[in-house]
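Chain and residue survey
Here are the chains, one letter per residue:
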Amino acid sequence: MLQTRILRRISAMTASTSSATPSTSEGHKDRSRYRPVIGLEVHVQLNTRTKLFSRTPAGLEAGPNRLVSPFDMALPGTMPALNKQAVMHALKMAKLLKCTVPEKSRFDRKHYFYADMPAGYQITQTDMPIARDGSFAFHVFDEHVEPYWKEVPIIQLQLEQDSGKTIHHGKKCCALVEIVTTPCLRTALEATCFVQHLRLILMHYQICLGELHRGHLRVDANVSLSYDGKPGTRIEVKNINSVRCLHTAINYEIERQFSLLSRGEKIVKETRAADPEGRTVSMREKEDDTDYRFIPEPNLPLLKIQPEWREMNDRWVETQPPPRFQKFRDEFGFNPRSALHLAEDETLSSFIERCAEHFVPLENLTANDILVWMKELKTTMQRSKDVYPPASNRFAEQFVRAIDLYKKNRITRLRMLDLLRNLSADQESRTVDQILDAEDLWKIENADEIVSDLLKSQEKISEKARQGHAKSFGRLRNLAVEGSRKRIDVDQIEASLKRLLGLKT
Amino acid sequence: MSLILRRPGRLFNSIAVRWSNNDGRKGAGEKKTPLEGDEVLVPVEPYRSDVFENTPEDMPQFDQKLISQLERLSLVRFDSEQAVANLRQTVRIANRLKEIDVEGVEPMHSVWEEQECPVFEDIAEKPLPVEEVLRNAKVRYEEYFVTPPGNVPLESNAPLDLEKINQWDTRGQNIAPQHKKTKRTKQ
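Keep in mind that this is a model prediction, so the values were computed, not measured.

What follows covers the overall build of chain A. Scanning chain A for helices and strands turns up 16 helices and 14 strands. By principal-axis analysis of the C-alpha atoms, chain A measures approximately 100 × 60 × 40 Å. Looking at chain A as a whole, 54% of its 505 residues qualify as buried. When contacts within chain A are restricted to residue pairs at least 6 apart in sequence, long-range pairs at least 24 apart make up 72% of them. Carbon and sulfur atoms provide 50% of the accessible area of chain A, an area that totals close to 23100 Å². Across chain A, 76 positive and 68 negative side-chain charges occur, with their mean positions spaced 2 Å apart.

What follows deals with a nonpolar patch on the surface. Judged by side-chain polarity, V139, Y141, Y144 and V146 of chain B come together as a nonpolar surface patch covering roughly 380 Å² of accessible area. With respect to the helices and strands, the residue Y144 of chain B is situated in strand β3 (residues 144–145).

The next subject is the packing of aromatic side chains. Residue and element names in this part refer to chain A. Counted according to the given criterion, the structure contains 16 aromatic pairs over all chains. When the ring of Y34 is compared with that of Y227, the centres are 5.0 Å apart and the planes differ by 55 degrees; the resulting orientation is tilted. Here Y34 is found in strand β1 (residues 34–45), whereas its partner Y227 is found in strand β9 (residues 217–227), with 193 residues between them in sequence. Exposure class is identical for Y34 and Y227. Each is buried. Between Y292 and F294 the ring centres are 6.1 Å apart and the planes differ by 70 degrees, which places this aromatic pair in the edge-to-face class. These aromatic residues form a ring-pair network of at least three members: Y34, Y227 and F258. Above the face of the Y292 ring, K110 is positioned so that its terminal group lies 4.4 Å from the ring centre.

All names here are of chain A. Within this structure, the stated rule accounts for 31 salt bridges over all chains. In this structure, the salt-bridge partner of R214 is E211, at a minimum N-O distance of 3.5 Å. Where E253 meets R272, a salt bridge forms, and the shortest distance between an N and an O atom there is 3.5 Å. Of this pair, E253 sits in helix α4 (residues 243–262) while R272 sits in strand β11 (residues 270–274), and the two are 19 residues apart along the sequence. The class of E253 is buried, set by a relative accessible area of 0%. Counted as one network, the salt bridges with shared partners bring together E253, R256, E270 and R272.

All names here are of chain A. For the pair helix α8 (residues 346–359) and helix α10 (residues 393–407), the least separation of the axes is 8 Å and the interaxial angle reads 50 degrees. Classed by the angle they form, the pair α8 and α10 counts as oblique. Note that α8 runs across α10; the crossing there is right-handed. When α8 is examined against α10, the residues F351, R354, C355, H358 and F359 are found in contact with a partner set consisting of N393, F395, A396, E397, F399 and V400. Considered class by class, the residues forming the contact of α8 with α10 number 7 nonpolar, 2 polar and 2 charged.

Now for the pairing of strand β4 (residues 108–111) of chain A. All names here are of chain A. Burial of β4 is two-sided: the residues D108 and K110 facing one way and the residues R109 and H111 facing the other way are all buried. Bridge analysis of β4 against strand β5 (residues 121–124) gives 4 bridges, and the strand direction is antiparallel. Across the sheet, K110 pairs through a bridge with Q122, a residue of β5. When β4 meets strand β13 (residues 295–296), the two strands line up antiparallel, connected through 2 bridges. Within β13, the position partnered with R109 by the bridge is I295.

So, on to the interface of chain A and chain B. Interface size is commonly expressed as the accessible area that is lost once the parts come together. On the chain B side, the residues contacting the 37 residues of chain A number 31 residues. Note on chain A versus chain B: buried area summed over both sides is about 3200 Å², and carbon and sulfur give 59% of it. Area buried by chain A at its contact with chain B is led by R55, F113 and P301 of chain A, which between them contribute 19% of it. With a closest N to O distance of 3.7 Å, E121 of chain B and K84 of chain A form a salt bridge. Between the two partners, chain A and chain B, sit 11 residue pairs in polar contact (both at pLDDT 80 or more).

Conventions used here
Residues numbered from 1 in each chain as written. Chains lettered and ligands numbered in written order. Predicted model: local features only at pLDDT ≥ 70, side-chain atom pairs only at ≥ 80, totals over all residues. Heavy atoms only, no water. Helix = DSSP H or I, 4+ residues; strand = E, 2+ residues; numbered from the N terminus. Buried < 20%, exposed > 50% of the residue type's maximum accessible area, 1.4 Å probe, protein only. Contact = heavy atoms within 4.5 Å. Areas by Shrake-Rupley, 256 points an atom, 1.4 Å probe, with all protein chains shown as cover. Lys, Arg positive; Asp, Glu negative; His and termini not counted. Charge placed at Lys NZ, Arg CZ, Asp CG, Glu CD. Patch = residues over 30% accessible without salt bridge, like charges linked within 9 Å, V, L, I, M, F, W, Y side chains within 5 Å. Salt bridge = Lys/Arg side-chain N within 4 Å of Asp/Glu carboxyl O. Phe/Tyr/Trp six-rings, centres within 6.5 Å; stacked < 30°, edge-to-face > 60°. Lys NZ or Arg CZ within 6 Å of the ring centre and 35° of its normal. Axes fitted to C-alpha atoms, helices over the stretch in contact; angles between N-to-C directions. Parallel < 35°, antiparallel > 145°, perpendicular 65-115°, else oblique. Left-handed = near helix turned anticlockwise from the far one by under 90°. Nonpolar A, V, L, I, M, F, W, Y, C, P; charged D, E, K, R; others polar. Pairing = 2+ DSSP bridges. Buried area = accessible area lost by both parts, 1.4 Å probe. Polar contact = N/O pair within 3.5 Å; in protein donor to acceptor, adjacent residues only side chain to side chain.

The values reported here are purely geometric and, on their own, carry no functional implication.
Spelled out as C-alpha cells, the structure:
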C-alpha cells in the first residue's frame, strides 16, 4: 500500500489531479499518444527468526494462533521491541539499492480495520523511512526483445509489520521491508525483469528466502496511462502473487484503461485486485474514502542508525561474492537472459559453476557453446530417463573437454552425441581422451578412402544413387557413417559421395 | 490533522512541587501554595495564553458525506445530532492549534527526544500457549478467533438532520437543547 504522503510526493509524475481526458474528438482513439506509467511496491519478507516487534518465532510451520505473544495480540500495556536483525537486513538492502540512510528514522501507525490485525493499526514508516533515494539497474529482455539496460530510481525503503500475519497464521511472518520505486517503468516486461533480478539479489544476500508462492515477495503495481505526456489516473493493483501474474495483470490493466479512455470515458481512481488469471477486478473501495490517519508511533523513539551498523553491513555486502546471475553474465560471458534463467534454477547454476572451472580458462570456448551442448545433453538424458543435469564434478570436467575437442574439430558431431550418452550413463569411468584413444574414434578428415571402398562393395545401390535415386544416396551415406564409426562428418561424407558418384554438388 | 507540540523547556524537566493539599479541595485554576522550603518551578498563578483568544469564528461545516466517512472509519455511529454538534465544537477548538506560530520549530515526536530506540537480538522466545491466547475470546472456532467481518460499508440509514447540527454552533452553547437519548435504533 502506498502511503498518501508518498503519493503526494510523486504525484507530479503519475497521478491524478488532471485526468488524461483527451481534448480532441478523435485523438483519444490514437494508441500511440498514450504511454503506460508503472510504479511498483515490493514487499520483501525478511529472513529473520522472530517477528519485527516481538520475539515470537517466525518462519516455523505451526497451527493457528500458535505463534503469538501478548504484543501480537495487542494486549494493553505491551510494547513493541524492534528486531535488530530486521534493521540489519534493511541496511544491507539500502547498500544494495544504493540508498542514502538518514541518521534517524521514525515509525508510524497506519490505521485501518483488518480482522487479522488486533491493534487496529500497522506499524510502518512514512515520512522518515530507514533508507531513501536509491536506484536499481538491471537488464530487460525476453524471447523477442534484445536485452537493454534499465535503471529504476527507488523512492524509499520502509520497515513495517506484515499486518496480515500478526496472529492466526503460524507461517513465516512479520518483518517486511517495502521497496517503493518511482513510476518510471514503461512496460509489464520491465516490471517483471525488475522483480526477477531483485528476487535473485535478495536471495543471494540471504535477506529474503524469495519464494513467491509462499508470499516472501509481494508486489503491488501502480498503473496509469499518460496522454501526450499528461499524467493519467493511477490505479493500484494488489494481490499479485507470481511474476507471470504481474505481467498479465499490468497488461490487462493497461488495455482496460486504454479501452475506457478510447471510448471517451474516465478512469475512476481505485484499488483493484488481480485474480489468479491476472485480470484485475475492482475491490469496491474508493480511494478518497480511505484515511489511514497516520501518527508517529508513540511507543517507539526515533531509531538512530549507529555508524558501526552501517559500516558492518556495507563491508559484509562488499565482501560477498556477486550474485550468480551477475557472475554468469559478467565473468562467464552468458547473455543476460540465459544468465538469469540459469541462476533461477539451483541445480542448473551449480552445474554451470562446476563446468565454469574448466571452460573459463579455455579461450576457444564461449558460454554459448556450453548452452548449445547443454540443450543436447538435456535431450539425450531425457531420452534415457536420467536426471539432468548430472551432479558429478567429473562429468562437468569431461563435458567441457568433449566440447573443447568438438570445437577443435577433433571429433564429429555424431561422436559427440554418443559421448554425451556414454558419459551421462555414469558406467563410464574413463576420461573422454581415454575413450577416444582406446577405441580409436578421433575424427578422420579424408572421407574418400572409406567412401570409395563402400561404393565398390555396394555396387547395386551405388548405381541407383548415381541415377539420382535419393533413398539410395541416403542409404549409402548412412552406411558410410557407420563404416567410419562416426569418425567422419556427415557433410564430408555427402560431399565425397557426390564427387565420387559424379553427381552435381 | 497533525498535532505539533512545542518544546516545553524546563517545565517538564522537573516537577518538584508538592502542593499543600490539606483539605483536598483545591481545584484547577485556583492559586496553590507550595510547602515551606520547596523550590517553586511552575507558575503560582495559572497562565493564560492569548493564542486561543484570537480564534476566528469559523465553525467547521459538517456535511452528510463527512459524517458517513467518520462513521465508517470509526465503525461507530453517531447517536444523534447532538453528538455531531459536540464533535464540531471539538474540531473548532482543535483548529485553534493552527494559529500557533511553528515556523522554524522542529516537530517534537516524544518528550524524551534523546532516547534511542532500543533494538533486540533476533532470538526467539516461547510464544503464549494457545489456551492463554484464546482465553478471552468471546467466539472461537476450533483454535481461531472469530472476528466481526471486515470492511463492511455502513449503510447510511435515516441521515441526521444537518440543519439541526449546523445551527448549534454559537460559542458558549455547545450542548444541543435536546434530551440525551439511548442508542438510536433502526425503525
